[in-house]
Amino acid sequence: MTISDWIIDVALILVVIKQMREERLTAFRLLLPLGLITWVATSYLHEIPTAGNDLSLIAAFAGIGIACGVAGGLLTRVRFADGHVRVKATLGAAALWVLSMGFRLGFAIWTSHPSGETRIAHFSATHDITGEQAWVAALVLMAVSEVVIRLGIIVVRGQALRGRERTRVLTTA
């Protein structure tokens, strides 16, 4: 792992930990994690291998990312106050995020050591995973799907609250 890998992983963890304090939902709060994950995707996702069981591995990991994103988005507190959508990551949302990011970081560290490399090579051969790029794609798409789905759910929930508030104001006026 390079120093930039560490910086991005830690930055993505800090994004949600920082959200444990309630803040306004702004474009910057959305664009920062999207920018980080876009950098990761463009840096590592050069191809999506389709041979063997590569797509099954990728789909499974992306599915886990989607499930984590849904859970994280639903566990994040979203409310409308003072004319703004406000968000706060609950302890559960932050724990889930740190756990999923930590898994990917731990996996990368483990596979960079001889024992992890050997076990992954054996697993890959046994399950017809064609190479390292399949694992890279699976892990990257897991992270991308988690970030995008989590943020999407937060935005949809915030817009729904904003719409309800507008309706309430119009009906009481």
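Basis of the calculations
Residues numbered from 1 in each chain as written. Predicted model: local features only at pLDDT ≥ 70, side-chain atom pairs only at ≥ 80, totals over all residues. Heavy atoms only, no water. 1 Å grid on protein atoms, 1.4 Å probe; cavity = no way out; pocket = protein on both sides within 12 Å on 5 of 7 lines; lining within 4 Å. Points joined across faces, edges and corners; volume = space filled by probe spheres on them. Helix = DSSP H or I, 4+ residues; strand = E, 2+ residues; numbered from the N terminus. Nonpolar A, V, L, I, M, F, W, Y, C, P; charged D, E, K, R; others polar. Salt bridge = Lys/Arg side-chain N within 4 Å of Asp/Glu carboxyl O. Buried < 20%, exposed > 50% of the residue type's maximum accessible area, 1.4 Å probe, protein only.

Enquirer: Quick rundown of empty space enclosed by the protein? Include the residues and the values.
Expert: One pass over the full model with this rule turns up two cavities of 30 Å³ or more. Lining the largest cavity we find Val15, Gln19, Pro33, Trp97, Val147, Arg150 and Leu151. By residue number, the principal contributor to the lining of the largest cavity is helix H6 (residues 132-172), which donates three residues. For the lining of the largest cavity, the per-class residue count stands at five nonpolar, one polar and one charged. Space inside the second largest cavity adds up to approximately 30 Å³. Taken together, Gln19, Leu25, Arg29, Leu30, Val87, Leu151 and Ile154 make up the lining of the second largest cavity. At the level of elements, helix H2 (27-44) and H6 are the ones that each hand at least two residues to the lining of the second largest cavity. The residue makeup of the lining of the second largest cavity, split by class, is five nonpolar, one polar and one charged.

Enquirer: Give a description of the pattern of salt bridges that names residues and reports values.
Expert: In the structure shown here, the tally under the stated rule is six salt bridges. With a closest N to O distance of 2.9 Å, Glu23 and Arg29 form a salt bridge. Under the relative-accessibility criterion, Glu23 is labelled buried at 5%. Several salt bridges converge on common partners, so that one network encompasses Lys18, Arg21, Glu23 and Arg29.

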